[in-house]
Amino acid sequence: MKLIIIAALMSSAAATQALAAKLIPASAAPSSASSAPATPAAPARTVVAATPPAPVTPARAAAAAASNSAFYVGAQVGDSTIGALLGYQISRMYAMEVSYDYVDTKYTPTTTLETSRAGIAGLAMFPLKFSEMGPMAIYIKVGYARTTEKSTVNDPGLGIPGFPATTTVTTTLKTGVTGGAGVQVDLSNSTAARLGVNYVGGDRSVYLAALYKF
């Protein structure tokens, strides 16, 4: 009897489940798994192509050279002169400078000759490079100079009245074109040395110079 009742209950439960499946839509059925929140999409990455450097043109090279231009001062000693100069490096190849030189005084028994010279010159430089030495250049220069000669003549006289000792001072100014050439060697970023020759009229002077660049 109990077996009959249990079988009837099981049949009734199966029929009830079949009826519920027909009446309840599938979309209304509860989901056994909880839905995970949507993951936001990663932002798009913008790839920027690297811009190649601009080619070095002669104009850009000249501008870079001009930006390295600087004033410089120097002292020079020659076989018969001593002097100083002030210059400006316009570019790697060109410079302008003013100079002052004092020429060795010449003496005779009765005459003293003092000579000084002030000038301005333009330089053209031709860079060279040797692996054994630092940067160097051959240069030529052309300019204009003003030379002052002061002559002092001492006349001892005769030592009798009417013929006293006298001193005569004569100053002579000479102007003219100057020239020169030589070699300049850079010892560091701020110092350099020169070996050159100057021509002033009929005078020639070999000299050494030391330069300091600002």
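Since the structure is predicted, the reported quantities are computational estimates derived from the model, not experimental observations.

Peer 1: Please explain the overall build of the protein chain as it appears in this structure.
Peer 2: For the protein chain, the count of helices and strands is two helices and eight strands. Out of the 214 residues in the protein chain, the part that is buried amounts to 23%. A separation of at least 24 residues holds for 46% of the contacts in the protein chain among residues at least 6 apart in sequence. Roughly 15,300 Å² of accessible area belongs to the protein chain as shown, and the carbon and sulfur atoms make up 67% of that amount.

Peer 1: Would you mind going over empty space enclosed by the protein with me for this structure?
Peer 2: To find the voids left in a structure, one rolls a probe of water-molecule size over its atoms. A full pass over the atoms with the stated rule returns two cavities of 30 Å³ or more. Taken as a whole, the largest cavity spans an internal volume of roughly 190 Å³. The wall of the largest cavity is formed by 16 residues, among which Ser99, Asp101, Lys141, Thr178 and Asn198 lie closest to the centre. Among the elements of the structure, strand E3 (94-107), strand E4 (111-128), strand E5 (136-155), strand E6 (166-186) and strand E7 (191-200) are those that each provide at least two residues to the lining of the largest cavity. Ranked by the residues each element gives to the lining of the largest cavity, the list is headed by E4, at five residues. Looking at the lining of the largest cavity residue by residue, the classes come out as six nonpolar, six polar and four charged. Quantified by volume, the second largest cavity comes out at close to 40 Å³. For the second largest cavity, the full set of lining residues is Gln76, Thr81, Asp101, Arg117, Asn198 and Ser205. Across the lining of the second largest cavity, the residue classes tally to no nonpolar, four polar and two charged.

Peer 1: Please clarify how the pattern of salt bridges should be interpreted in this entry.
Peer 2: Opposite charge on two side chains allows them to pair when their charged atoms are near. With the rule as written, the count across this model stands at three salt bridges. Arg194 is the partner of Glu97 in a salt bridge, and the nearest nitrogen-oxygen pair spans 3.2 Å. Linking Glu97 in strand E3 with Arg194 in strand E7, this pair joins segments that are 97 residues apart in sequence. Here Glu97 falls in the buried class, since its relative accessible area comes to 4%. Note that Lys174 is salt-bridged to Glu149, the shortest N-O span being 3.4 Å. A residue pair is termed long-range when its members are at least 10 positions apart, and Lys174 in strand E6 and Glu149 in strand E5 qualify at 25 residues. Taking the relative accessible area as the measure of exposure, Lys174 reaches 43% and is therefore partly exposed.

Peer 1: Looking at this structure, I do not really get the pairing of strand E8 (residues 203-213). What am I missing?
Peer 2: In regular strands, side chains alternate between the two faces of the sheet. The sheet contact formed by strand E1 (residues 71-78) and E8 spans seven bridges and is antiparallel. Looking across to E8, one finds that Gly78 is bridged to Tyr207. Pairing analysis gives 10 bridges linking E7 to E8, with the strands arranged antiparallel. Across the sheet, Tyr199 pairs through a bridge with Arg204, a residue of E8. Connecting E7 to the next strand, E8, in antiparallel fashion are two residues, including Gly201 with a positive phi near 60°.

What counts, and where the lines are drawn
- Residues numbered from 1 in each chain as written.
- Predicted model: local features only at pLDDT ≥ 70, side-chain atom pairs only at ≥ 80, totals over all residues.
- Heavy atoms only, no water.
- Helix = DSSP H or I, 4+ residues; strand = E, 2+ residues; numbered from the N terminus.
- Buried < 20%, exposed > 50% of the residue type's maximum accessible area, 1.4 Å probe, protein only.
- Contact = heavy atoms within 4.5 Å.
- Areas by Shrake-Rupley, 256 points an atom, 1.4 Å probe, with all protein chains shown as cover.
- 1 Å grid on protein atoms, 1.4 Å probe; cavity = no way out; pocket = protein on both sides within 12 Å on 5 of 7 lines; lining within 4 Å.
- Points joined across faces, edges and corners; volume = space filled by probe spheres on them.
- Nonpolar A, V, L, I, M, F, W, Y, C, P; charged D, E, K, R; others polar.
- Salt bridge = Lys/Arg side-chain N within 4 Å of Asp/Glu carboxyl O.
- Pairing = 2+ DSSP bridges.

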